[in-house]
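Structure assessment
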Amino acid sequence: SLLEHRLLWESTDTDAWRRSTSAIAHDLRSLLLALERSVELQEDERRREGMGSEFSDIRHTISTLSSFLQELTIELDNGVREELNLTSVDLEDVVETAAMAAYPSASERRQKLVIDVAEEVRKVRADSTKLKRVLTGLLHYASGHTPSRGTVKVRAYQEHHDCVISVCHTGNALTRSELRGL
């Protein structure tokens, strides 16, 4: 039904509508990726137990939906200006929303997700959508590279007059090529 409201694109605030629709598509894709990872883990467990797996149709459907949402996000983002849409955001809410996308995978692997946002940086000026995307990607990476029962931690604190956000995990260190990919 979002695409049926195409008239909104022609309104005076086209970029805001595209940005919000793109954010929804991105969030849905993040949840689908978490679901896909959960299905993969269940499929692997069934194989280890010597049982058959009926998950291929589910994984194919998830993959198809994820591809559709990625294309939708790209299409919508192409019409949006590249500049940041800075607003006052609750950083703890943004971090928690990003962590929700990584939670299914972390839970399945019995990982601990820790969020530590200092009070002095709770409210910041940022592009909420882009910040959420970056944090979601970093948390997915960190969870995927953290061993079972490990810890992934997001910490936000003030250093001098800047807000610093760090994502740490108890897995192996990043290689240069992995860092470039992130």
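Let me sum up the structure you'll find in this document. (Residues numbered from 1 in each chain as written. Predicted model: local features only at pLDDT ≥ 70, side-chain atom pairs only at ≥ 80, totals over all residues. Heavy atoms only, no water.)

An ideal rise of 1.5 Å per residue puts 26 Å on 18 residues; helix 3 (residues 91-108) measures up with 26 Å between its terminal C-alpha atoms. Considering bend angle alone, the principal kink of helix 3 is centred on A102 and spans about 50°; proline P104 follows within four residues of it. Within the span of helix 3, buried status applies to L91, V94, V95, A98, A99, A101, A102, S105 and A106. Its side-chain oxygen 3.0 Å from the backbone nitrogen of E92, D90 forms the N-cap of helix 3. Of the residues trailing helix 3, R110 is marked for its positive phi of about 55°. (Helix = DSSP H or I, 4+ residues; strand = E, 2+ residues; numbered from the N terminus. Expected span 1.5 Å × (residues − 1). Bend = angle between axes of the 7 residues up to and from the residue. Buried < 20%, exposed > 50% of the residue type's maximum accessible area, 1.4 Å probe, protein only. Polar contact = N/O pair within 3.5 Å; in protein donor to acceptor, adjacent residues only side chain to side chain.)

With that settled, consider helix 4 (residues 128-144). In a regular helix each residue adds 1.5 Å, so 17 residues correspond to 24 Å; helix 4 covers 24 Å between its end C-alpha atoms and thus fits that length. For helix 4, the set of buried residues is T129, L131, K132, L135, T136, L139, Y141, A142 and S143. The distance from a side-chain oxygen at the start of helix 4 to the backbone nitrogen of K130 is 3.2 Å, and the residue carrying that oxygen is D127.

Within the largest apolar cluster, 19 residues are counted, with the highest numbers of intra-cluster contacts made by L91, V121 and L139. Broken down by element, the residue count for this core peaks at six residues, all from helix 3. Among all residues touching V121, those that are not within four sequence positions of it are L91, A156, Y157, Q158 and C163. In terms of nonpolar packing, the next biggest core, distinct from the first, is built from seven residues, V39, F55, L69 and L72 among them. (Core = buried A, V, L, I, M, F, W, Y, C linked by side-chain atoms within 4.5 Å. Contact = heavy atoms within 4.5 Å.)

Spatial relationships are all this shows, so hold off on functional conclusions.
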